[in-house]
2 protein chains.
Amino acid sequence: MAALKRFLIGRPLKSKELGEQKLNKKKALAVLSSDALSSVAYGPEQILLVLVTVSTAAFWYSIPIGIGVLILLTALILSYRQIIFAYPHGGGAYVVSKQNLGILPGLVAGGSLLVDYILTVAVSVSAGTDAITSAFPVLHEHTVGIAVTFVILITILNLRGVTESASILAYPVYLFAFALFILIGVGLHNIMTGHVSPNLHTPIGTPVAGISLFLLLKAFASGSSALTGVEAISNAIPNFKDPAPKNAARTLMAMGVLLALLFSGIVFLAYYLGISPNPQETVVSQIAKQTFGRNFMYFFIQGTTALILVLAANTGYSAFPLLAVNLAKDRFIPRMFTVRGDRLGYSNGIIILGLLSIVLIIAFHGQTEHLIPLYAVGVFIPFTLSQTGMMVKWIREKPAGWVMKLIINTIGALISFTVSVMFFVTKFPQIWPVLIFLPLIVYLFHRIKKHYEAVGDQLRLSTCEPVVPIEGNVVILPVSGITHVVERSLNYAQSLSADQIIAVYIPFEREEENRFEEKWNKWRPDVRLVTLPSPYRSIIHPLSKFIDTVHRKASESNYQVTVIIPQFIPKRSWQNLLHNQTSLMIRTYLLYRKDVIVTTVPYHLKK
Amino acid sequence: MAALKRFLIGRPLKSKELGEQKLNKKKALAVLSSDALSSVAYGPEQILLVLVTVSTAAFWYSIPIGIGVLILLTALILSYRQIIFAYPHGGGAYVVSKQNLGILPGLVAGGSLLVDYILTVAVSVSAGTDAITSAFPVLHEHTVGIAVTFVILITILNLRGVTESASILAYPVYLFAFALFILIGVGLHNIMTGHVSPNLHTPIGTPVAGISLFLLLKAFASGSSALTGVEAISNAIPNFKDPAPKNAARTLMAMGVLLALLFSGIVFLAYYLGISPNPQETVVSQIAKQTFGRNFMYFFIQGTTALILVLAANTGYSAFPLLAVNLAKDRFIPRMFTVRGDRLGYSNGIIILGLLSIVLIIAFHGQTEHLIPLYAVGVFIPFTLSQTGMMVKWIREKPAGWVMKLIINTIGALISFTVSVMFFVTKFPQIWPVLIFLPLIVYLFHRIKKHYEAVGDQLRLSTCEPVVPIEGNVVILPVSGITHVVERSLNYAQSLSADQIIAVYIPFEREEENRFEEKWNKWRPDVRLVTLPSPYRSIIHPLSKFIDTVHRKASESNYQVTVIIPQFIPKRSWQNLLHNQTSLMIRTYLLYRKDVIVTTVPYHLKK
């Protein structure tokens, strides 16, 4: 077990090696932007999918809608840039909303992001797997298996630590960007040199029958699903090399520019080439085929697209554990999420994220596409909350140049809010679950917090009940026969100078009772023996009743009751199967049910 | 949980209520003979299946082969009758072989029967399920689910206790016998009154081209698979009402007569009506259809056949736990098989049998038919061994009339041995696994026995190492802070008049170390504090090394080391998720790895 763990995860790292694990800008861009960049692979398609319900003539609307998405992107990038500098220790939507708007908005933002990262992993890995199984149809029946394997691999990479995963992840992200730039470049070159017929598309401004504002809004909302993932960098500032905020801000800008270029390029080519969405083939694949034909470049583009979709899941792995740490530090989720593993990653968060997304993949048989709207709205709710939080912050603090800052965040907040509302209005049938699980999660957060506070009060010396002084000790020793282990336990009990020692024997049949009492009185007449006949062959039940009686009497004079349980431990663990686990059962029962101290005297068998 | 168990299994019974659970003859016949009687449903068909490989003209050989099987049956019944009286406390093949032939033959017999009962359950339930799904083809895709459900139901019935299951089981067994008697009676009546053409079959003695001795032996071996299950009664004598041996012997005779009549009737009708085996329809079904047409009687016969096949599994449930008790009393298998459950049945044996047969059913997708030869040979090996054992017994003891007894058991042994050899010769491709798992099981039996003996020696006061006297006590108290639980544990440690108390604190970072030492020295300067910095953030590792050091020093002067572990226990069990289970981990690690006494001081949270 230990060797396997070492092989998969690597040697443990010392706490002070933490600094060495931090990210430079190039690696950070790879780790934190794969989610955002990969959405270029499906964002433009989402717009066309809505427009095609009217007619292909409506496709020219993708240009103004695309411009709208770019404006939204610019607003978000500028807003998040301000957040990075204002919250250099990691300003996720949770922290920003909590500090400026209050606990409840903070928890709503945190809760929806937490769920969202799980969706990110499930949706991205499933989409990537689909890309692969489309290329190799024989693999189609193994979709779930392949997707789960990917999740497991990514989980292991992340457990090894964030830098090492970055080294591996850097290639596909840059390859993907490189491939798409070539595609867009060659595409534009073909258009400008007149190699493409200008009649494939309807001119911008052509009137279209049946187009409605509702439909355009729906198309815009769908297109803005390409912006999921832009918040990842602002959550992960502590992972950057110093000066962290500056490096993070530059990485954010680089990502914004990349995303804007790729997105506009794909939207424009799709429009100019008159691409129509097709369930058998993605829009990117159609553009690539028309531009290159089915040659090496086509497969290069398809391959890097599949790869980056799978790796987009990694954004979830960077962001989820950090958000979980913030929530756990505030005691809204279990404390175990704050513990660093052997490789200094927050292993519990990584493992839980992997497990939950595997559950989602299996539950939806790897067809998680219809979770996309749910996942997009789960991003825009915290977007809105954190921008609103920043507005409140600027108004309250009024730093130098605050008016400009306020304007930027206000625009960000308004657009995000509008998009959220559009999602609810145009895609309610896919989005309603958010109205159930969000309140549920927030309620759970509160319950957990309350529990931790109650525990704290009961443990803290200044607030807990006073400790009862111990005036004396009563020892109860259950015995199953006269053996070496019993003798050792008895000697131990006597060495503790307890005030009273009671051996307890539980016979299942009447005859055993007298026989054992005789034997005992011959062996150790100085130790009091109590026999508790058990006609129903239960050991716990009569023992528990007896302990209650002793405990009641003992408490009257502040005596402490200790139950000493002899246990012999076989040399090899399979041998445990050969012995009734009575000692273990008694110990567990007493610890959880009775207010007695439980002492186990082990006897390690030597053969 | 407890309520569910009570509902399914019934209220617990006192040990002395055991007598009331015993079987009268009528119920015993039902419980213990369903396996043997149900084989009438497939035994005759097995003979025809071999003969048809030559030609339908060879079917007349089923009559002499049937007579051979009847002779074998008579020999077995008479032999087992002698075993019942010789071993009134339950003379399974295991006991008889062990006492007369030695440990190894006993274990071979016991081991093959143990596996056989699991096969009985899997094969019978699958066959019964097939009968049902043949009648209702829509159910076909649910074969495994239906079979598993049946096993679960039978397991629950048996956990409720043997008499109650008998009451339910009595009806189908008697209905099945009744249905077949009507079928045979009406069939014979039709033949005698000339309603059946006498030309459907070839006359006995017709020469058949291509028939060989090998083929006839194979047919005979196949037919004797109808005799599996006749040993069940001799294993289960302790389940009978007094006088147990006499009642058991009468039940055995009744079962023998029933089995002989039904078997001969079906073989004869199949021959006379010229029935040919057909993968779509069983032989019994064909006879019934020719005799009655597809009317109520036909469905009655098919229904009771399906039912008895499923219930034949119950024989395994009666026999397996009793055999397991015998093996466990001799310490060849884990002792837990000797423990009676709430309803006085040997629950562990019942549950293990149910689980293993479910595993077999799932592994073979409910198609366990090709396990039949394996299961038949697994019966004839112990048959041979127990008859040989009886021969040795008579020769050694020479009681009144021993020559006759010796002759009967010798015939039994010879025939059983011959059948076993025939199985190996004619059906080796299906039977070879027995040559692997039988030695494996016997080896396992020996390993287990050796372990129990070693444990006994180490625990028994007369043979174990002398107990080391305890000259003093050292207490180690790992602390995670200055809290109520730590204060209670410290008070407890002090009340034990230990010679030395050492509090241990394990900081993950250097700064914590000094801060905590200062706080501690203000709070309890009288108690020695040791801090063990842990740069790799492990608690177990530094603690374990420290305990080793203390333990080494303490042992030099016969001091006993006790580790006191403070543990707070949340009010509700889900709240355990919110706390790192460090106490539990430390306790488990220390108990299994170190020779120290572990004391847990629980603190039950009140809110």
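Residues numbered from 1 in each chain as written. Chains lettered and ligands numbered in written order. Predicted model: local features only at pLDDT ≥ 70, side-chain atom pairs only at ≥ 80, totals over all residues. Heavy atoms only, no water.

In the annotation of an unreviewed UniProt entry, the entry for chain A reads Amino acid permease, and the organism field reads Paenibacillus azoreducens.

> Let's hear about the packing of helix α3 (residues 43–51) of chain A against helix α9 (residues 213–223) of chain A: which residues, and what values?
How two helices sit against one another is set out by the angle between their axes and by the gap between those axes. Residues and elements named next belong to chain A. The interhelical angle for the contact between α3 and α9, taken along N-to-C directions, is 160 degrees, at an axis separation of 7 Å. Considering the angle they form, α3 stands roughly antiparallel to α9. Seen from above, α3 lies across α9 with right-handed handedness. On α9, the residues touching Gly 43, Gln 46, Ile 47, Val 50 and Leu 51 of α3 are Leu 215, Leu 216, Lys 218, Ala 219, Ser 222 and Gly 223. Class assignment for the residues of the contact of α3 with α9 results in 6 nonpolar, 4 polar and 1 charged. (Axes fitted to C-alpha atoms, helices over the stretch in contact; angles between N-to-C directions. Helix = DSSP H or I, 4+ residues; strand = E, 2+ residues; numbered from the N terminus. Parallel < 35°, antiparallel > 145°, perpendicular 65-115°, else oblique. Left-handed = near helix turned anticlockwise from the far one by under 90°. Contact = heavy atoms within 4.5 Å. Nonpolar A, V, L, I, M, F, W, Y, C, P; charged D, E, K, R; others polar.)

> Requested: an account of the packing of aromatic side chains, with residues and values cited.
Residue and element names in this part refer to chain A. Applying the stated criterion to the full structure yields 22 aromatic pairs over all chains. Within the aromatic cluster, the residues linked to one another by ring pairs are Tyr 80, Phe 380, Phe 383 and Phe 423. When the ring centre of Trp 402 is taken as reference, the NZ or CZ atom of Lys 398 above it lies at 5.5 Å. Of note, Lys 405 hangs over the ring of Trp 394, and the distance from its end group to the ring centre comes to 5.3 Å. (Phe/Tyr/Trp six-rings, centres within 6.5 Å; stacked < 30°, edge-to-face > 60°. Lys NZ or Arg CZ within 6 Å of the ring centre and 35° of its normal.)

> How would you sum up the interface of chain A and chain B? Please name residues and give values.
Taken together, the 75 residues of chain A in the interface contact 75 residues of chain B. Buried area between chain A and chain B, both sides added, is near 6800 Å², and the carbon and sulfur share of it is 58%. When residues of chain A are sorted by the area they lose upon contact with chain B, Gln 458, Arg 537 and Leu 578 of chain A head the list and together hold 10% of the total. A salt bridge links Arg 488 of chain A to Asp 595 of chain B, with the shortest nitrogen-to-oxygen separation between them at 4.0 Å. (Buried area = accessible area lost by both parts, 1.4 Å probe. Salt bridge = Lys/Arg side-chain N within 4 Å of Asp/Glu carboxyl O.)

> So what about the pattern of salt bridges? Which residues, and what values?
Residue and element names in this part refer to chain B. Summed over all chains, the structure comprises 11 salt bridges over all chains. A salt bridge links Asp 330 to Lys 98, with the shortest nitrogen-to-oxygen separation between them at 2.5 Å. With Asp 330 in the loop between α13 (296–329) and α14 (347–363) and Lys 98 in helix α5 (residues 93–101), this pair connects stretches of sequence that are 232 residues apart. Lys 594 is the partner of Asp 548 in a salt bridge, and the nearest nitrogen-oxygen pair spans 3.0 Å. Remark: Lys 594 occurs in the loop between α22 (582–593) and β5 (597–604) and Asp 548 occurs in helix α21 (residues 540–556); sequence separation between them is 46 residues.

> Which residues make up the relation of the copies chain A and chain B, and what values do they have?
The transform that puts chain A on chain B rotates by 180 degrees and translates by 0.1 Å along the axis, for an RMSD of 0.2 Å. When the rotation and shift are considered jointly, the pair of chain copies conforms to a two-fold rotation axis. Using C-alpha coordinates, one finds that chain A approaches the rotation axis most closely at Thr 599 of chain A, a distance of 2.0 Å. (Least-squares fit on C-alpha atoms with pLDDT ≥ 70 in both.)

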